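The residues making up each chain are set out below.
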Amino acid sequence: MTAIGVHGHEDNRRVMRRATSRWRCGSRGRFGDAKMSPTANSGFSPRYASRSPAIFVVEPCSEMSWLRVVLITLAGVVSHTFGRSTMPLLLPAISDDLELTATTAGATGSVNMAAYLCGVVAVTYLASRIAPAVLLKCGLWIVTAGLLCLGTAPTTSQVMIGTALAGFGGAGIWLTMPVIATADVPVAKRGAVMGSLTATMAVGSIFIPFATSALRDAVNDAGAWREVWLLEMVVAVVILAVLYVALSKDISPPLPRGAGIRAITRLQAWKTAVFFYMAFAFVAASWYQFFGLSLENDHNMSRGFTTNLWALMGIGGVVGAVIFGRLSDRLGRPRTMCLVTAIGATTCVLVLAGQMWTAALAAALYGMAGMAVPPLTAAFVRDQVDERDFTAVFGAMTIFYGPASVLGPITGGVLADLTNSYLLTYAVLAVTFTFASVAAWNLRHTDKVA
């Protein structure tokens, strides 16, 4: 906001109105440092300058760096593409190798999300004490350690430890990445920026299936999975080094104000928003988890085909995150959230159809819808709270997200073991997606408040 101090003639009010339309960038720190410009440099006429020598214009920087945004989004590739999305891709091979039941396979997702919930609690507590950039780097280190653990795992127990580390570190990345990336970003572009966070993760998801197939061909083993995580660990180390350079001059201070679950009350219609996010959490943690297992076990599709579908899902994620992010800038976050969750409900029915073309369509559409909801929700929160409150409020919202995401995979696995099929699992997910869509529609009045 442009602030002007006026001392002098009454006519300076007209000068003030002209000055407010002028923006000029000064030196840029974490939140965009302001620049004080004397009247001689602010477009004032000498006539008014002589009468009002004490006029100054505070001119915050309104430019944004897309290069900086893209570099920061690389952290999301480590936390979500490597630390979370790779597990469902490799789960059929892990299940064959370690002889996992559907319940145990689902438990890997529940462990990841339970650890993520613990990380959320830790980050929301530490947000007022440690700078966001430091928390981001710590999260990257923890996820990288988890990838190493997974890449050398000889037993189910070590797989669980590795996926827990990946989940715990992911919280430090996701809860701080949006607030760092949206610094100095105008509200009108915030949806696009938040969409780019997920789009970058989706780009990573496109390459992982092809890298997996290439590695399996290289080692002549269609069931190889440890090598994939070791490769991801190497890439994670490179990304960590890049972000140390990109954030070397970041001077973001710790985020003040109390964190904790009560921070959620700063949102309008927070109960409905929490219900929406919990319903999506239940679905999101389960849909990915059992996609490959369902296609291979229920519909006899080949592992090579199902592996390639993950690339199609990643392509959908890139398209969906960008399109729905920009669409939300026009239609509003709640209406767009309603649309994407309705699309998500449709994908569950497509999976149940059991045809190769319906499976491919489900992968593409779910990539578009599922990858769009988290940044849309983050943008929904960011629209209502200021930058320094974001981590506390979104962290509190994610505390609710955690239990639902833990319950989803284990419930889906139990249902699959009881029925010897994933049909009931995806039917429950379709219904839950529908509830989320209705909840999002009921949030549409919050656009006016924001």
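Model, not experiment: these values are computed from the prediction.

Trainee: Before we go on, may I ask you to explain the overall build of the chain in this structure?
Mentor: Across its full length, the chain carries 17 helices and three strands. Relative to its 450 residues, the chain shows a buried fraction of 56%. As displayed, the chain has an accessible area near 17900 Å², and 65% of this comes from carbon and sulfur atoms.

Trainee: Got a minute to help me understand the packing of helix α10 (residues 270-299) against helix α16 (residues 423-441) in this structure?
Mentor: In a packed pair of helices, the relevant descriptors are the angle between the two axes and the axis-to-axis distance. Where α10 meets α16, the closest approach of the two axes is 8 Å, and the angle between their N-to-C directions is 155 degrees. It follows that α10 is roughly antiparallel to α16 by the angle criterion. Crossing hand, α10 versus α16: left-handed. A per-class count over the contact of α10 with α16 returns 18 nonpolar, five polar and one charged.

Trainee: Could you clarify how one ought to interpret a nonpolar patch on the surface in this entry?
Mentor: A cluster of nonpolar residues, Val 234, Val 238 and Val 242, forms a patch on the protein surface that exposes about 220 Å² of accessible area. Structurally, Val 238 can be placed in helix α9 (residues 226-246).

Trainee: So what exactly am I meant to see when it comes to α10 here?
Mentor: Because each turn of an α-helix spans 3.6 residues, side chains separated by three or four positions end up pointing in the same direction. Under the 1.5 Å per step criterion, the end-to-end length of α10 is 41 Å for 30 residues, consistent within 8% with the ideal 44 Å. The sharpest bend along α10 reaches about 40 degrees and sits at Phe 290. The element α10 is extensively covered by neighbouring structure, given that 22 of its 30 residues are classed as buried. One or two steps after α10, the chain reaches Asn 300, where phi turns positive at roughly 55 degrees.

Trainee: Just to check I follow, could you spell out the side chain of Thr 432 for this structure?
Mentor: Looking at the secondary structure, you find Thr 432 in helix α16. Not counting residues within four places of it along the chain, the set of residues in contact with Thr 432 comprises Ala 279, Phe 282 and Val 283.

Trainee: Please explain the packing of aromatic side chains as it appears in this structure.
Mentor: The description of two aromatic rings rests on the distance between their centres and on the angle between their planes. Inspection of every chain in the model, using the stated rule, returns 12 aromatic pairs. Each ring, one from Tyr 288 and one from Trp 310, has its centre 5.8 Å from the other, and the planes form 20 degrees; the classification is stacked. With Tyr 288 in helix α10 and Trp 310 in helix α11 (residues 303-331), this pair connects stretches of sequence that are 22 residues apart. In this structure Tyr 288 comes out as buried when scored by relative accessible area, which is 15%. Residue Trp 310 is classed as buried on the basis of its relative accessible area, which comes to 6%. On the numbers, 5.9 Å between centres and 85 degrees between planes, the contact of Phe 291 with Trp 310 is edge-to-face. One end of the pair, Phe 291, is in helix α10; the other, Trp 310, is in helix α11, with 19 residues separating them in the sequence.

Trainee: How should the nonpolar core be read in this particular structure?
Mentor: What tends to happen in soluble globular proteins is that the nonpolar side chains get buried as a cluster. Judged by nonpolar contacts, the single largest core of 116 residues is most densely connected at Met 177, Trp 225, Trp 287, Phe 291, Val 381 and Tyr 426. Excluding anything up to four places from it in sequence, Val 381 contacts Leu 267, Phe 390, Val 393, Phe 394 and Met 397.

Trainee: Got a minute to help me understand the pattern of salt bridges in this structure?
Mentor: For side chains of opposite charge, pairing can occur when their charged atoms come near one another. Under the defined criterion, the tally for this structure stands at five salt bridges. One network of salt bridges, with partners in common, ties together Asp 96, Glu 296 and Arg 303.

Trainee: Even after reading the chapter, I still don't get the side chain of Thr 163, so can you show me in this structure?
Mentor: On the secondary structure map, Thr 163 appears in helix α6 (residues 156-174). Its relative accessible area of 1% is what places Thr 163 among the buried residues. The residues touching Thr 163, leaving out its near neighbours within four places in the chain, are Met 87, Thr 108, Val 111, Asn 112 and Leu 150.

Trainee: Which parts of the structure should I look at to understand helix α12 (residues 333-353)?
Mentor: Across its 21 residues, α12 extends 31 Å between first and last C-alpha, which sits within 8% of the 30 Å expected from 1.5 Å per residue. Of the residues one or two after α12, Gly 354 is the one with positive phi, at around 75 degrees.

Trainee: What am I meant to see in unusual backbone geometry here?
Mentor: Generally, phi is negative for residues other than glycine and the peptide bonds are trans, each holding for most cases. For Ala 269, which is not glycine, the phi dihedral falls at a positive 50 degrees. Structurally, Ala 269 can be placed in the loop between α9 and α10. Classification of Ala 269 as partly exposed rests on a relative accessible area of 27%. Within the chain, Asn 300 stands out as a residue other than glycine whose phi angle is a positive 55 degrees. Relative to the helices and strands, Asn 300 is located in the loop between α10 and α11. The class of Asn 300 is exposed, set by a relative accessible area of 69%.

Trainee: I tried to follow the confidence of the model for the chain on my own but got confused; where do I start?
Mentor: Detail in the predicted coordinates should be disregarded across regions flagged by low pLDDT. Confidence along the chain averages 80 in pLDDT terms, with 79% of residues attaining 70 or more. Mean pLDDT across the elements of the chain bottoms out in strand β3 (residues 56-58) (36) and peaks in α16 (95). Overall, residues 1-63 carries pLDDT values under 50, and its contacts beyond four positions in sequence, including any with other chains, amount to 110 contacts.

Trainee: Sorry if this is basic, but what is going on with the environment of Leu 100 here?
Mentor: Inspection of the secondary structure puts Leu 100 in the loop between α3 (66-98) and α4 (102-126). Taking C-alpha positions, Leu 100 is 8.4 Å from Thr 156, a pair spaced 56 residues apart along the chain. Among residues more than four places away in sequence, those in contact with Leu 100 are Leu 91, Ile 94, Ser 95, Ala 105 and Thr 156.

Trainee: Got a minute to help me understand the environment of Ala 153 in this structure?
Mentor: Considering the arrangement of structural elements, one finds Ala 153 in the loop between α5 (132-151) and α6. Owing to a relative accessible area of 0%, Ala 153 belongs among the buried residues under this scheme. Distance in space between the C-alpha atoms of Ala 153 and Arg 226 is 7.3 Å, their sequence separation being 73 residues. Filtering out sequence-adjacent residues up to four positions away, Ala 153 remains in contact with Gln 158, Val 159, Trp 225 and Arg 226.

Trainee: Explanation requested: the packing of α4 against α10 in the structure shown.
Mentor: Two elements in contact, α4 and α10, have axes whose closest approach is 10 Å; the angle formed by their N-to-C orientations is 145 degrees. Handedness of the α4/α10 crossing: right-handed. Touching Ala 102, Ala 105, Gly 106, Thr 108, Gly 109 and Met 113 of α4 are Ala 285, Gln 289, Phe 290 and Leu 293, all from α10. Across the contact of α4 with α10, the residue classes break down as six nonpolar, four polar and no charged.

About the cut-offs
- Residues numbered from 1 in each chain as written.
- Predicted model: local features only at pLDDT ≥ 70, side-chain atom pairs only at ≥ 80, totals over all residues.
- Heavy atoms only, no water.
- Helix = DSSP H or I, 4+ residues; strand = E, 2+ residues; numbered from the N terminus.
- Buried < 20%, exposed > 50% of the residue type's maximum accessible area, 1.4 Å probe, protein only.
- Areas by Shrake-Rupley, 256 points an atom, 1.4 Å probe, with all protein chains shown as cover.
- Axes fitted to C-alpha atoms, helices over the stretch in contact; angles between N-to-C directions.
- Parallel < 35°, antiparallel > 145°, perpendicular 65-115°, else oblique.
- Left-handed = near helix turned anticlockwise from the far one by under 90°.
- Nonpolar A, V, L, I, M, F, W, Y, C, P; charged D, E, K, R; others polar.
- Patch = residues over 30% accessible without salt bridge, like charges linked within 9 Å, V, L, I, M, F, W, Y side chains within 5 Å.
- Salt bridge = Lys/Arg side-chain N within 4 Å of Asp/Glu carboxyl O.
- Expected span 1.5 Å × (residues − 1).
- Bend = angle between axes of the 7 residues up to and from the residue.
- Contact = heavy atoms within 4.5 Å.
- Phe/Tyr/Trp six-rings, centres within 6.5 Å; stacked < 30°, edge-to-face > 60°.
- Core = buried A, V, L, I, M, F, W, Y, C linked by side-chain atoms within 4.5 Å.
- pLDDT = per-residue confidence, 0-100.

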